[in-house]
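Examination of the molecular architecture
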Amino acid sequence: MGTPPVTVDGFVREFLHELNSNQGVSLSNSSVNDQYMALASTVRNYLMARWLETERLQRENPHKTVGYLSAEYLLGRQLGNDLLSSGLIDIAEEALNQCGIDFAVLRAQEVEPGLGNGGLGRLAACFIDSLATMNVPCIGYGIRYEYGIFRQTFVDGRQVEQPDSWLSLGSPWEFAHPEHGVQVNFGGHTEKTVDENGNEKTTWVPDWNVLGVPYNYMVPGYLNGRVNTLRLWSAQATKAFDLQIFNSGDYADAVRAQTFAENISKVLYPEDSTPQGKELRLQQQYFFVACSLHDFIANQLEEGFDLHKLDERIIFQLNDTHPVIAVPELMRILVDEQGFGFDEAWEVTQKCFAYTCHTLLPEALEVWPVSLLGRLLPRHLELIYQINDAFLEDVRAKFGNDEMRVRRMSIIAEHPERSVRMAYLATVAGSKVNGVAALHSQLLRDKVLPDFNEMWPMKFTNVTNGITPRRFIRLANRSLSTLISDSIGKGWVNDLERLRELEPYAEDAEFRKAFREVKAFNKERLARTLEQRDGIQIDQNHMLDVMVKRLHEYKRQSLKVLHVVTLYNEIISGRLDPADVQGRTVVFGAKAAPGYKMAKDTIHLINKVAEVVNADERVQGKLHVAFPANYNVTLAEKLIPAADLSEQISLAGMEASGTGNMKFALNGALTIGTDDGANVEIREHVGDENFFLFGMTEPEVADLGAKGYNPGSHYEGDERLKGAIDLIASGAFSDGDRRVFEPIVSNWLTSDRFMALADYASYMDAQAKVEASYADEDAWTKSAILNIARSGFFSSDRSMKDYIREIWHTMPVL
Ligand code: 26W
């Protein structure tokens with residue numbers, strides 16, 4: 001390494017050096033990819049010293065570490081983030097300029113690692129960013145999927161999935177350590193023996209295994225010289241292939257075992273609510289937690305560390321139930337490998353885990369059939385039974401022999417098939433159980449785990465989610481960041497409550513004008529992106545009304561469609577004069593799980609509505625629908641800063657938290673939303689007058705459900721709603737073919753599980769208020785500024801402080 005690249009000249013030298021020595025090219029014959037790789041190496045080299053230093057400090061003066069166990073990390077592009085964290089972003093831009101290279105082009109070369117589905121994976125990425133920024137020791141553990149979330153394309157308006165081969169050009173951000181491979185066992189049986197003292201000992205005799213190879217990624221803190229580690233595991237065959245079979249001439253059979261092993265980390269499961277109970281998924285889960293626990297115990301603790309005190313050095317945070325098999329794995333290590341007694345091991349284990357639940361939908365709670373678990377992990381199943389026995393004994397001791405309660409609370413469900421309820425196992429094992437927003441945590445106590453709450457009220461707590469201001473404001477919205485820093489200084493980036501200091505600027509006409517210029521700039525940037533990326537044109541003078549999130553019935557993209565179709569229908573039937581309408585572009589972004597029929601039909605409907613509305617001259621360009629395919633973190637970074645209106649319209653009691661809602665508010669969009677998830681807290685923070693609330697409350701939803709909900713009565717009773725649904729049913733958006741959207745229409749009229757029709761009138765009223773408010777430019781801008789000023793609470797730095805205080809009891813290392 002030459003001189004550290006902290007000057008422009010130094011950066012140029014280092015960059016050219018990397019280009020020559022790593023890529024083997026000179027500047028004049030280098031490709032964009034060569035340049036991107038060389039730039040990445042330049043940043044990496046700079047961060048490397050800090051990474052090694054962070055590791056050395058931890059080794060010499062070990063502090064309690066957070067082991068974040070997550071099957072998903074939706075990281076987004078790394079280059080910009082790592083440059084920002086190292087304070088090199090401006091220097092890099094200038095250095096590249098001097099080399100005649102456009103920085104933006106190199107950034108666009110990076111394929112984002114999409115190793116997650118949505119909210120849960122993105123949350124994990126925000127959390128590890130915050131922990132590094134706050135100097136808290138953390139290792140993120142997960143899976144290095146060879147294929148991340150599928151790339152979404154549209155063919156005739158329908159979603160078609162393409163594999164996401166994000167590694168095809170190699171990733172400059174990972175460091176493989178095959179020499180630290182961990183063997184992970186599967187299958188086989190257990191054997192009991194009795195030692196000379198009469199103690200029973202169990203041995204697991206597995207019948208196959210794979211090798212977990214760690215890949216390390218840097219997680220740099222923001223301008224603080226700390227670099228934590230994200231360690232993702234890749235599965236490899238333990239033997240290249242079976243030589244005996246190979247020698248017998250059957251080459252295909254010989255390599256089959258290898259392919260089989262490598263399947264484990266091949267692909268991310270694209271379902272994010274209905275677990276499929278697939279064997280490969282359980283293999284993935286056990287694979288990465290077994291590797292991670294082994295790694296921590298064998299490599300992060302000094303020789304001879306007394307594992308009775310393990311909780312002084314680690315807290316494993318379970319990101320939903322996906323890593324819960326870590327609980328019996330730690331028990332197995334302590335009991336079978338370290339010779340602990342069961343009770344002693346259980347005491348340690350309970351102190352080492354905490355569990356975050358991210359859902360309320362009953363169908364999203366993972367259960368594993370005992371038959372499958374017993375076949376794949378026979379020893380773990382035994383331990384789960386033993387944990388359950390001890391637990392149910394406690395239940396009986398506390399509540400008397402209430403067998404109904406015992407059956408309700410058992411970790412093992414008997415119907416429809418004997419299986420392990422992973423959320424219950426996590427709750428029993430965890431030192432704490434948390435929901436992800438105030439309302440969600442309350443519902444978790446009252447509705448999902450009431451018996452457990454009664455047994456251990458102190459176990460339950462809330463930590464409201466947050467988002468990292470580094471990626472989602474400072475990087476994604478550079479012009480807003482400059483405006484903020486010019487007004488209140490730069491301290492807000494890692495102390496987001498300081499945005500409060502912006503409040504008085506809402507009254508400052510100059511500032512409001514500058515804020516509007518920022519929005520206009522971001523809209524222009526978005527327009528360019530959508531044009532290049534999707535061939536979509538948007539009108540930059542329109543209000544930008546955005547609904548981006550996974551496609552789910554409970555999130556109610558269909559309610560948004562009903563709003564659009566109603567406006568369209570009102571215009572074409574002459575009841576609404578386009579001249580009186582505020583120009584509006586409605587942007588959707590959403591992937592559907594490949595097997596989720598209703599979600600895929602909804603995508604088709606949105607695309608067909610867009611086609612018809614956008615082409616109809618009667619609309620006079622006042623209403624436009626844009627649905628760019630393949631919504632991902634990279635697109636979010638462009639879309640959110642440009643948005644005026646944020647759609648957060650789930651049925652109350654269904655969205656655990658939402659985090660997109662926070663990103664929009666912090667970028668100065670106003671929310672139209674239900675009293676659901678973190679919307680509740682956003683509204684409390686920004687103030688009622690700066691939030692468009694609509695819809696039933698959660699208790700009202702529960703009441704209506706109990707009384708019996710009849711969507712047909714809403715359809716019959718509301719002319720506009722009837723008109724919109726009839727228009728869709730008539731084939732107006734399906735070339736006259738009434739069958740195409742029949743499943744959606746009949747779902748609305750006969751079931752409508754998420755009560756879109758019940759909230760329709762209230763939603764339309766709220767949209768009318770949006771329409772009127774937007775016309776008052778000054779008032780709207782004030783509200784937007786107040787949204788920013790009052791949303792500092794939603795920084796993931798604050799979430800981390802809450803976890804540290806309530807759950808982890810760790811300390812920043814200073
Ligand atoms: C296939 C099984 C399965 C089930 C649930 C896979 C993935 C899930 C996730 C828990 C779904 C998820 O991402 N939940 C979201 O988590 C966010 C972060 O806490 C919340 O903001 C969202 O409200 C919640 O839907």
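Only a predicted model underlies this, so the values are computations on that prediction, with no experimental measurement involved.

Regarding the overall build of the protein
- Within the protein, the regular secondary structure consists of 32 helices and 25 strands.
- By its C-alpha atoms, the protein is 90 × 70 × 60 Å across when sized along the principal axes.
- The buried share of the protein, taken over its 814 residues, is 49%.
- Long-range pairs, those at least 24 residues apart, make up 75% of the contacts in the protein with a sequence separation of at least 6.

With respect to the sheet that holds strand β20 (residues 543-548)
- Sheet architecture is open: six strands sit in the order β22-β21-β20-β23-β24-β25, paired in parallel fashion. The strands lining the two open edges of the sheet, one partner per strand, are β22 (623-626) and β25 (692-693).
- Bridge count for β20 against strand β21 (residues 584-589) is six bridges, and the pairing is parallel. Residue V546 lies in a different strand from β21, and its bridge partner there is V587.
- Strand contacts of helix α22 (residues 597-615): β21 and β22, with the helix running at about 145 degrees to β22, the strand carrying the most contacts.
- In the packing of helix α23 (residues 633-642) onto the sheet, the strands contacted are β20 and β21, and the crossing angle to β20 comes to about 140 degrees.

Some remarks on the domain arrangement of the protein
- Under the domain assignment, the protein is made up of domain 1 (1-61 + 84-110), domain 2 (62-77 + 112-188 + 212-464 + 801-808) and domain 3 (469-794).
- The distance between the C-alpha centroids of domain 1 and domain 2 comes to 34 Å.
- The interface is formed by 17 residues belonging to domain 1 together with 17 residues belonging to domain 2.
- By residue number, the principal contributor to the side of domain 1 that touches domain 2 is helix α2 (residues 32-60), which donates 11 residues.
- Counted by class, the side of domain 1 that touches domain 2 contains four nonpolar, eight polar and five charged residues.

Focus: the site of the ligand
- In the vicinity of the ligand, 21 residues are found, and the nearest of them are G119, L120, H358, A656 and S657.
- Counted by class, the shell around the ligand contains six nonpolar, 11 polar and four charged residues.
- A domain split of the shell around the ligand shows at least three residues from each of domain 2 (62-77 + 112-188 + 212-464 + 801-808) and domain 3 (469-794).

Observations concerning helix α4 (residues 89-98)
- Among all positions of α4, only I89, A92, A95 and L96 are buried. All buried residues of α4 project into a common sector of 125 degrees when viewed along the axis, lining one side. Exposed residues lying more than 90 degrees from the buried face of α4 are D90 and Q98.
- In the core, the buried residues of α4 are packed alongside α1 (8-21), α2, α3 (79-85) and α5 (103-109).
- Downstream of α4 by a residue or two, G100 has a phi angle that is positive, lying close to 75 degrees.

Observations regarding the nonpolar core
- Grouped together as the largest cluster of nonpolar side chains are 229 residues, with contacts concentrated most on I128, F287, A326, L425, V609 and L639.
- Contact partners of L639, with chain neighbours within four places excluded, come to L526, V546, V548, V587 and G589.

Remarks on α22
- Under the 1.5 Å per step criterion, the end-to-end length of α22 is 27 Å for 19 residues, consistent within 8% with the ideal 27 Å.
- Burial in α22 covers these residues: A599, D601, T602, I603, H604, L605, I606, N607, K608, V609, A610 and V613.
- Buried residues belonging to α22 abut β5 (151-155), β6 (158-162), α21 (557-572), β21, β22 and α29 (742-750).

As for the UniProt feature "modified residue: N6-(pyridoxal phosphate)lysine" (unreviewed entry) in the protein
- The positions that UniProt labels "modified residue: N6-(pyridoxal phosphate)lysine" (unreviewed entry) are, in the present scheme, K663.
- Its place among the elements puts K663 in helix α24 (residues 660-666).

Notes on the sheet that holds strand β17 (residues 419-421)
- A sheet is described by the order of its strands in space; here three strands give the open sequence β15-β17-β16, paired in antiparallel fashion. Each edge of the open sheet carries a strand with a single partner, namely β15 (367-369) and β16 (412-413).
- Bridge analysis of β16 against β17 gives two bridges, and the strand direction is antiparallel. Within β17, the position partnered with I412 by the bridge is V420.

Focus: unusual backbone geometry
- For the peptide bond that leads from H415 to P416, omega is -5 degrees, which places it in the cis range.
- One non-glycine residue, N135, lies in positive phi territory at about 65 degrees.
- Looking at the element boundaries, N135 is found in the loop between α6 (119-133) and β4 (138-143).
- C-beta crowding within 10 Å serves as the criterion here: with 17 such atoms nearby, N135 is assigned to the partly exposed category.
- If you check the backbone angles, D752 has positive phi at about 45 degrees while not being a glycine.
- Within the secondary structure, D752 is located in the loop between α29 and α30 (756-775).

Considerations on the environment of Q386
- Mapped onto the fold, Q386 is located in helix α13 (residues 378-399).
- When the 15 C-beta atoms within 10 Å are taken as the criterion, Q386 is described as partly exposed.
- Separated by 44 residues in sequence, Q386 and F342 have C-alpha atoms that sit 8.8 Å apart.

Looking at the packing of helix α20 (residues 509-534) against α23
- Interhelical geometry of α20 versus α23 gives an angle of 140 degrees and a closest axis separation of 8 Å. With respect to the hand of their crossing, α20 and α23 are arranged in left-handed fashion. Residues K519, N522, K523, R525, L526 and T529 of α20 form the contact with α23, whose own contacting residues are K638, L639, P641 and A642.
- Tallied by class, the residues present in the contact of α20 with α23 amount to four nonpolar, two polar and four charged.

Rules of the game
Residues numbered from 1 in each chain as written. Predicted model: local features only at pLDDT ≥ 70, side-chain atom pairs only at ≥ 80, totals over all residues. Helix = DSSP H or I, 4+ residues; strand = E, 2+ residues; numbered from the N terminus. Buried ≥ 20, exposed ≤ 12 C-beta atoms within 10 Å, placed from the backbone. Contact = placed C-beta atoms within 7 Å. Pairing = 2+ DSSP bridges. Axes fitted to C-alpha atoms, helices over the stretch in contact; angles between N-to-C directions. Domains from an automatic or database assignment. Nonpolar A, V, L, I, M, F, W, Y, C, P; charged D, E, K, R; others polar. Near = placed C-beta within 6 Å. Arc of directions from axis to C-beta. Core = buried A, V, L, I, M, F, W, Y, C linked by C-beta atoms within 7 Å. Expected span 1.5 Å × (residues − 1). UniProt positions renumbered as here; feature names shortened; annotations may be inferred. Left-handed = near helix turned anticlockwise from the far one by under 90°.

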